[in-house]
Amino acid sequence: IGLVYLIWRIRGRKTNNPDLPPRWGLLFLFSYLAGLSHILLDYTNNYGVRPFWPFSEKWYSWDIVFIVEPAILILLTGGLVLPAVVGWIRKSPVHSVPRGRLGAALALFGVVILWGLRDLEHRHAVHVARTGSYQGTAPIRTSAYPYWWTPFLWYSVAETKDSCTTMVLHSSHSDISHLQIYYKPAETPVTLAAKRSYLGRVYLDWAQYPLVQSYRVTDSDVVAYRVQFQDLRYAYPDMAGRAALSASVELNRKLEVVGETFGSRRERLSPPD
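Note that this is a predicted model, so its numbers are computed, not measured. (Residues numbered from 1 in each chain as written. Predicted model: local features only at pLDDT ≥ 70, side-chain atom pairs only at ≥ 80, totals over all residues. Heavy atoms only, no water.)

A.B. asks: Honestly, the sheet that holds strand β3 (residues 163-170) in this entry has me stumped. Any pointers?
C.D. replies: Read from one edge to the other, the open sheet built from four strands follows the order β1-β2-β3-β4, with strand pairing classed as antiparallel. Each having just a single partner strand, β1 (141-146) and β4 (175-183) make up the two edges of the open sheet. On average, each strand axis in the sheet is tilted by 20° relative to the strand beside it, whichever way the strands run. Note that strand β2 (residues 153-159) and β3 share seven bridges and pair antiparallel. Paired with L153 across the bridge in β3 is H170. (Pairing = 2+ DSSP bridges. Helix = DSSP H or I, 4+ residues; strand = E, 2+ residues; numbered from the N terminus. Axes fitted to C-alpha atoms, helices over the stretch in contact; angles between N-to-C directions.)

Here it is in structure tokens:
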């Protein structure tokens with residue numbers, strides 16, 4: 001609200017009625033709606049949001065659009081830019097009211113239509129994954145995550161007692177490809193120590209399909225073990241290189257944490273006394 005008031009003052013209150021006082025209550029309501037719309041956008045993607053933090057740490061996600069969805073960016077940018085361009089071409093008055101209302105309404109309507117299509121195909125993809133059999137075992141739970149360039153191609157994860165199976169499926173005709181089985185590693189004192197670390201607790205609280213694997217380090221005098229955390233919902237088969245949004249915890253021989261890494265950011269801790 002303060003920023004809006006500052007812009008209003010800088011522009012010299014160039015409105016049809018300069019003496020009309022600002023409606024602060026309405027501006028306050030609009031600011032809350034803007035914040036809630038941001039949470040809604042985050043909820044629709046495959047990363048998620050914690051809307052009730054700090055009272056609840058639970059993550060929620062709709063999983064119908066990619067983290068960065070080009071179609072939504074095009075719709076919203078078009079709703080913002082096109083009315084200004086059309087007004088400039090037509091040389092409409094600066095104070096014409098309300099400029100851009102139709103463009104904004106059409107952009108929001110387009111986003112809702114996209115969500116509806118994505119939700120329909122998402123439900124179909126989850127159903128296809130749920131009705132499958134994985135090494136003769138029915139899945140405990142299944143999920144489907146979107147590709148950004150098409151609403152019909154989905155990356156899916158199916159969990160059983162002993163493993164997680166990832167696959168790519170086409171929701172329109174139920175084709176399945178790129179099956180990959182990840183067996184759940186046995187718990188060890190090393191993995192348990194890493195899970196108790198700060199990064200381990202935070203990561204496991206957020207991850208939907210965590211895969212935790214430990215490796216022995218032989219080229220360091222400080223680090224004895226490296227424990228890798230990966231969320232299989234981002235193990236897309238066509239993503240080469242380092243697993244997206246992965247993390248690792250480094251431990252010494254006493255199973256004390258000496259380093260933490262999330263993505264490419266590494267934090268080296270001082271060795272404990």
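Picking up after the structure, the text goes on.
A.B. asks: Looking at this structure, how should I read the nonpolar core?
C.D. replies: Within soluble globular proteins, side chains that are nonpolar generally end up buried alongside one another. Membership of the largest hydrophobic core comes to 16 residues, with the highest contact counts inside it found for A194, Y203, V227, F229, V249 and L251. Those elements that provide at least two residues to this core are α5 (189-196), α6 (198-206), β6 (225-231) and β7 (247-251). Among all residues touching Y203, those that are not within four sequence positions of it are F229, Q230, D231, L245, S246, A247 and F262. Core analysis: the next-biggest nonpolar cluster, separate from the first, contains 13 residues, Y147, V168, Y209 and Y236 among them. (Core = buried A, V, L, I, M, F, W, Y, C linked by side-chain atoms within 4.5 Å. Buried < 20%, exposed > 50% of the residue type's maximum accessible area, 1.4 Å probe, protein only. Contact = heavy atoms within 4.5 Å.)

A.B. asks: What is the right way to look at the pairing of strand β8 (residues 257-262) in this model?
C.D. replies: Each regular strand shows side chains that alternate between the opposite faces of the sheet. Relative to β8, β7 is paired through five bridges, and the arrangement is antiparallel. When the sheet's bridge partners are listed, A247 is paired in β8 with F262. Linkage of β7 to β8, two consecutive antiparallel strands, is achieved through a turn of five residues, within which L255 is found at a positive phi near 65°.

A.B. asks: Sorry, what's going on with the side chain of R118 here?
C.D. replies: Turning to its location among the elements, R118 is positioned in helix α4 (residues 101-130). The class for R118 is buried, based on a relative accessible area of 1%. Dropping the residues within four chain positions of it, R118 is found in contact with I64, V65, E69, P146, Y147, W148, T150, P151 and W154.

A.B. asks: Honestly, the layout of surface pockets in this entry has me stumped. Any pointers?
C.D. replies: Sizing a probe to match a water molecule and rolling it over the atoms shows the empty space that remains. Reported here for the second largest pocket is a volume of approximately 340 Å³. Along the walls of the second largest pocket sit S37, L40, L41, L76, L80, L108, V111, V112 and W115, which together make up its complete lining. Of all the elements in the fold, those that place two or more residues in the lining of the second largest pocket are α2 (24-44), α3 (70-90) and α4. Looking at which element gives the most residues to the lining of the second largest pocket, the answer is α4, with four residues. Class assignment for the residues of the lining of the second largest pocket results in eight nonpolar, one polar and no charged. (1 Å grid on protein atoms, 1.4 Å probe; cavity = no way out; pocket = protein on both sides within 12 Å on 5 of 7 lines; lining within 4 Å. Points joined across faces, edges and corners; volume = space filled by probe spheres on them. Nonpolar A, V, L, I, M, F, W, Y, C, P; charged D, E, K, R; others polar.)

A.B. asks: In this structure, what is going on with the confidence of the model for the chain? I would like to understand it.
C.D. replies: In low-pLDDT regions, the fine details of the predicted coordinates are not to be read closely. Summary statistics for the chain give a mean pLDDT of 86 and a share of 84% for residues scoring 70 or more. When the elements of the chain are averaged for pLDDT, strand β9 (residues 265-268) gives the smallest value, 55, and α5 the largest, 97. (pLDDT = per-residue confidence, 0-100.)

A.B. asks: Explain the pattern of salt bridges to me, please; I cannot follow it from the model alone.
C.D. replies: Any two side chains of opposite charge can pair, given that their charged atoms come close. Tallied over the full model, the rule gives eight salt bridges. In this structure, the salt-bridge partner of E159 is R141, at a minimum N-O distance of 2.5 Å. Taken as a pair, E159 in strand β2 and R141 in strand β1 lie far apart in primary sequence, 18 residues in all. Residue E159 is classed as buried on the basis of its relative accessible area, which comes to 13%. Several salt bridges share partner residues, and in doing so they unite R141, E159 and K184 into one network. (Salt bridge = Lys/Arg side-chain N within 4 Å of Asp/Glu carboxyl O.)

A.B. asks: Just to check I follow, could you spell out a nonpolar patch on the surface for this structure?
C.D. replies: On the surface, a cluster of nonpolar side chains totalling about 510 Å² of accessible area is made up of L26, L29, F30, L33, L36 and I39. One can find L26 in helix α2. (Patch = residues over 30% accessible without salt bridge, like charges linked within 9 Å, V, L, I, M, F, W, Y side chains within 5 Å. Areas by Shrake-Rupley, 256 points an atom, 1.4 Å probe, with all protein chains shown as cover.)

A.B. asks: Sorry, what's going on with the packing of aromatic side chains here?
C.D. replies: Each aromatic ring pair is summarised here by two numbers: the centre-to-centre distance and the angle between the ring planes. Applying the stated rule across the entire model yields 16 aromatic pairs. Each ring, one from W148 and one from W149, has its centre 5.4 Å from the other, and the planes form 85°; the classification is edge-to-face. Look at W149 and you get partly exposed, because its relative accessible area is 46%. Judged by centre distance (5.9 Å) and plane angle (15°), the rings of W206 and Y234 are stacked. Remark: Y234 occurs in the loop between β6 and β7 and W206 occurs in helix α6; sequence separation between them is 28 residues. What makes W206 buried here is its relative accessible area of 6%. Grouping aromatic residues by their ring pairs yields a cluster made of Y47, W59, Y203, W206, F229, Y234 and F262. In this arrangement the basic side chain of K58 is found over the ring face of Y60, its NZ or CZ atom lying 5.5 Å from the centre. One residue, R141, lies across the ring of Y209, its end atom 4.0 Å from the ring centre. (Phe/Tyr/Trp six-rings, centres within 6.5 Å; stacked < 30°, edge-to-face > 60°. Lys NZ or Arg CZ within 6 Å of the ring centre and 35° of its normal.)

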